[in-house]
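Observations on the model geometry
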Amino acid sequence: MSDAFLRHIRDALDEIDAAGLLKRERPLAGPQGGHIRVAAAGGARDMLNLCANNYLGLADHPEVIAAARQAMEMFGFGMASVRFICGTQTLHRELELMIARHLGKDDAIVFAACFDANGGVFEPLMGEADAIVSDSLNHASIIDGVRLSRAKRYRFANSDMDELEDRLKEADAGGARFKLIATDGVFSMDGYVARLPEICALADRYGAMVLVDDCHATGHLGEKGRGTPALTGAGARVDIVTGTFGKTLGGGMGGFVAAAQPIVELLRQRARPYLFSNSLAPPVAAGALKALEIAIRSDDRRALLEAHARRFRAGVEAAGFRTLPGVTPIIPVMLGEAKLAQYLARALDERGIYVAGFFFPVVPKGAARIRTQMSAALTAEDVDAAVAAFADAGRALGIV
């Protein structure tokens, strides 16, 4: 490797740092939870966690841990192979059938991550005679998955139904054989819920299918945690649902595609991330199974999560911060500039609140924020303490 190449890479990193866009990771010295231990030079610190996708608080749930431990003893540590060779166990099929039943679909297929699920779903299903119409704020995994497909690609402004209709008309004018509308169910940086009933109505009008990435909804939004199709009333009109076990459902790893059985079967035959990646480790599959079982029966946790979201949103707005509107546990506190987001994150860290600043390229330039996420692992007292810390830090920095 040449010195010139390494200097080029270092220069790029220096530019990122100078722009205030460098991301720094902080090691945890314990499990994920409402309260976490963060490793530090002077010893681990206890902090209140406001930035995990651990919506129902199941990442360290004793039943989930026990299920994973038992599976490791019964089925081993790892599969050492891909599914179609010698990497499928009864656990994997049980997990697929359970998530399919929960979401009201014929079948499901499990991937190593939802990034792989979204990366693998489009290419086998949509060919060069077809069209994919994608929301402009869709997750990077959808964007990358669509790029891998040979289908014609169209994009519409976030939740703009007029523009979506225009793109569908363009696809028809271009002679598209099949059309697929792809959208996040919850846009993770903003906390917005997709306008699924209107999307599905347009899909019906123009003969299109609908795919929803429900990573930030499955398990905690909608009746029994069935996600945004249930929350919005779109229901079975959503044809394909992708999602993850790495957030609400235990916080481990793994993604899925749930759909009609022929769609799932074709993905088993041709989805490259599925065909060329190891199966989920048995403890992860068993933990996800148990987390899904707990989530289905956890109306109390969902109610607590909703109450925390309302309490925190009202508190930080009363303190003078601006948030984005929404009904999900994702509550972005808007700051505008990347460095200001980092200053506030640092000030909150000093006050024992674990948050992360989000800035370009994760969000648009000028839209930097602290993205907070509520969890059922928190108490009302935790939420009040977080609001007080935001208010104190904001005043100290002259933000509020």
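Only a predicted model underlies this, so the values are computations on that prediction, with no experimental measurement involved. All residue numbers refer to position in the chain's written sequence, counted from 1. Owing to the predicted nature of the model, reporting of local features is limited to residues with pLDDT of at least 70; listing and counting of side-chain atom pairs is limited to 80 or more, with chain, interface and lining totals taken over all residues. Hydrogens and water are ignored here; the side-chain numbers use all heavy atoms of the structure.

Summary of the burial criterion: residues with accessible area below 20% of their type's maximum are buried, those above 50% are exposed, and those between are partly exposed, where the area comes from a 1.4 Å probe applied to protein chains only. A run of DSSP states H or I qualifies as a helix once it reaches four residues; a run of E qualifies as a strand once it reaches two. Both are numbered from the N-terminal end. Along helix H6 (residues 140-148), the residues that are buried comprise Ser-141, Ile-142, Gly-145 and Val-146. Buried positions in H6, seen along its axis, are confined to an arc of 130° and lie on one side of it. Directions drawn from the helix axis to the C-beta atoms are what define this arc.

Locating Ala-234 in the fold gives a position in the loop between helix H9 (228-232) and strand S10 (240-244). With 52 residues separating them in the primary sequence, Ala-234 and Ala-182 have C-alpha atoms 14 Å apart. Here a residue-residue contact requires only that any non-hydrogen atoms of the pair lie within 4.5 Å. Those residues in contact with Ala-234 that lie beyond four places of it in its chain are Leu-196, Pro-197, Cys-200 and Pro-229.

Close approach of charged atoms allows side chains with opposite charge to pair. By convention in these notes, a salt bridge is any Lys or Arg side-chain nitrogen within 4 Å of a carboxyl oxygen on Asp or Glu. Scanning the model with the defined rule gives 27 salt bridges in all. Salt-bridge contacts for Arg-268 lead to Glu-96; the nearest nitrogen and oxygen are separated by 3.0 Å. Of this pair, Arg-268 sits in helix H10 (residues 261-270) while Glu-96 sits in helix H4 (residues 90-103), and the two are 172 residues apart along the sequence. With a relative accessible area of 14%, Arg-268 lands in the buried category. Given the relative accessible area of 0%, Glu-96 is considered buried. Two residues, Asp-239 and Arg-237, come together in a salt bridge whose shortest N-O distance is 3.0 Å. One salt-bridge network, held together by shared partners, links Arg-83, Arg-93, Glu-96, Asp-107 and Arg-268.

Our focus in this paragraph is the nonpolar core. With 84 residues, the main nonpolar core has Leu-50, Leu-164, Phe-312, Met-374 and Phe-390 as its most contacted residues. Apart from residues lying up to four places away in sequence, Phe-390 is in contact with Leu-50, Phe-312, Val-316, Phe-321, Val-333, Leu-344, Leu-348, Ile-370 and Thr-372. To define a nonpolar core, start from buried Ala, Val, Leu, Ile, Met, Phe, Trp, Tyr and Cys residues and group those joined through side-chain atoms within 4.5 Å. In terms of nonpolar packing, the next biggest core, distinct from the first, is built from 24 residues, Leu-180, Ile-240, Val-264 and Tyr-274 among them.

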